[in-house]
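# Summary of the model geometry
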Amino acid sequence: MPELTAFEGDLEPDEDYEGFRFADVAFDEAAAGGCHFLDCSFVGASFTGSRLRKSRFTDVTLRDTRFVATDLAETGWQDTTLAGCALAGVQAFSAALRRVTFRDGKLDSVNFRTAVLTDVAFEDCVLRDVDFGSATLLRVSFAGCILTGADFTKVSCTEVDLRGASLGITAGFDALRGATIDSIQLVALAPYLARHLGIVVDG
């Protein structure tokens, strides 16, 4: 892989950024929708209140990067890794993620509604109040993750692996059809599944 070029300046909408290294930069309130980031890296970057709608990230690595109140709706992510990244109050509805890994990150109040996640791995992440409503999950795993207040309402699950995760799911238990859980998770979920099915457990 050729050496990346250090990026200087501001992001502009509908631009192609190829082979750049974005290190220790803040793109607050950036209006950069429709961009394509190809073979780039982000290290210690921050996006606060930024608008990146319909941007694409291809063969990109992000480390220790923060997205706060950022518009990532309708974005495309492919062959991308986010390590040690934090996403808070992010709009990522209708996004398309393929071969993406979230590792050692925190996702707080992220909206993945109607998004399509294919071959996506969440590894040792904390997901708090993440909304997967009506999303499509294909070959998605959550190894070592902690889910709190997760919403799976009307999610389509195919080969979804929840084993090894702490499951704090508040809605959408019926949408877990097609997911794999372990025996410990089954015991924890049993009261909620029974309630959803109208089963009364007495004694």
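Provided above is the structure to which this section pertains.
The notes below deal with the structure included here. Keep in mind it's a predicted model, so treat the numbers as computed, not measured.

Before going further, it helps to spend a moment on the nonpolar core. Grouped together as the largest cluster of nonpolar side chains are 60 residues, with contacts concentrated most on Phe122, Phe132 and Phe142. Every element with two or more residues in this core is listed here: strand S10 (76–83), strand S12 (96–103), strand S14 (116–123), strand S16 (136–141), strand S17 (146–151) and strand S20 (166–171). In contact with Phe132, not counting residues within four places along its chain, are Phe112, Leu117, Phe122, Leu127, Leu137, Phe142, Asp151, Phe152, Thr153 and Val155.

All right, on to the pattern of salt bridges then. Tallied over the full model, the rule gives eight salt bridges. Residues Asp79 and Arg99 are paired through a salt bridge, measuring 2.5 Å at the closest nitrogen-oxygen approach. In this pair, Asp79 sits in strand S10 while Arg99 sits in strand S12, placing the two residues 20 residues apart along the sequence. A salt bridge links Arg163 to Asp161; its shortest N-O distance comes to 2.8 Å. A relative accessible area of 21% places Asp161 in the partly exposed class.

Scanning all chains against the criterion turns up zero disulfides. The closest cysteine sulfur to the non-disulfide-bonded Cys40 is located on Cys35, 10 Å from its own sulfur. Just so you know, Cys145 is unpaired, no disulfide at all, and the nearest cysteine sulfur is the one on Cys125, 4.7 Å from it. Cys145 gets classed as buried once you look at its relative accessible area, which sits at 1%.

The next point concerns the sheet that holds strand S11 (residues 86–88). One open sheet holds the seven strands; their spatial order is S6-S9-S11-S13-S15-S17-S20, and the pairing between them is parallel. Where the open sheet ends on each side, the last strands, each with one partner, are strand S6 (46–48) and S20. Averaged over all neighbouring strand pairs, the angle between strand axes comes to 5°, with direction disregarded. Where S17 lies against S20, four bridges are found, and the strand directions are parallel. Within S20, the residue paired with Ala150 across the bridge is Ile169.

All right, on to the packing of aromatic side chains then. Each aromatic ring pair is described using two quantities: the centre-to-centre distance and the angle formed by the ring planes. Under the criterion given, the structure shown has 24 aromatic pairs. When the ring of Phe37 is compared with that of Phe42, the centres are 5.6 Å apart and the planes differ by 70°; the resulting orientation is edge-to-face. Summarising the aromatic geometry, the rings of Phe102 and Phe122 are spaced 4.8 Å apart at their centres and angled 10° between planes, so their arrangement reads as stacked. You can see Phe102 sitting in strand S12 and its partner Phe122 sitting in strand S14, a full 20 residues away along the chain. An identical accessibility class is assigned to Phe102 and Phe122; each is buried. Taken together, the ring pairs in this structure connect Phe7, Tyr17, Phe20, Phe22, Phe27, Phe37, Phe42, Phe47, Phe57, Phe67 and Trp77 into an aromatic cluster.

Tracing the backbone shows Arg56 in strand S7 (residues 56–58). Residue classification places Arg56 among the partly exposed positions, given a relative accessible area of 44%. Taking the C-alpha atoms as reference points, Arg56 and Gly9, separated by 47 residues in sequence, lie 20 Å from one another. Those residues in contact with Arg56, other than ones at most four positions away along the chain, are Cys35, His36, Phe37 and Gly76. Side-chain polar atoms of Arg56 contact the side chain of His36, separated by 3.5 Å.

Attention shifts here to the pairing of S14. In the sheet, S12 pairs with S14 via seven bridges, with the strands oriented parallel. Within the sheet, the bridge partner assigned to Arg103 lies in S14 and is Glu123. For S14 and S16, the ladder comprises five bridges, and the chain directions are parallel. Bridging across to S16, Val120 finds its partner in Val140.

About the criteria used
- Residues numbered from 1 in each chain as written.
- Predicted model: local features only at pLDDT ≥ 70, side-chain atom pairs only at ≥ 80, totals over all residues.
- Heavy atoms only, no water.
- Core = buried A, V, L, I, M, F, W, Y, C linked by side-chain atoms within 4.5 Å.
- Buried < 20%, exposed > 50% of the residue type's maximum accessible area, 1.4 Å probe, protein only.
- Helix = DSSP H or I, 4+ residues; strand = E, 2+ residues; numbered from the N terminus.
- Contact = heavy atoms within 4.5 Å.
- Salt bridge = Lys/Arg side-chain N within 4 Å of Asp/Glu carboxyl O.
- Disulfide = S-S within 2.5 Å.
- Pairing = 2+ DSSP bridges.
- Axes fitted to C-alpha atoms, helices over the stretch in contact; angles between N-to-C directions.
- Phe/Tyr/Trp six-rings, centres within 6.5 Å; stacked < 30°, edge-to-face > 60°.
- Polar contact = N/O pair within 3.5 Å; in protein donor to acceptor, adjacent residues only side chain to side chain.

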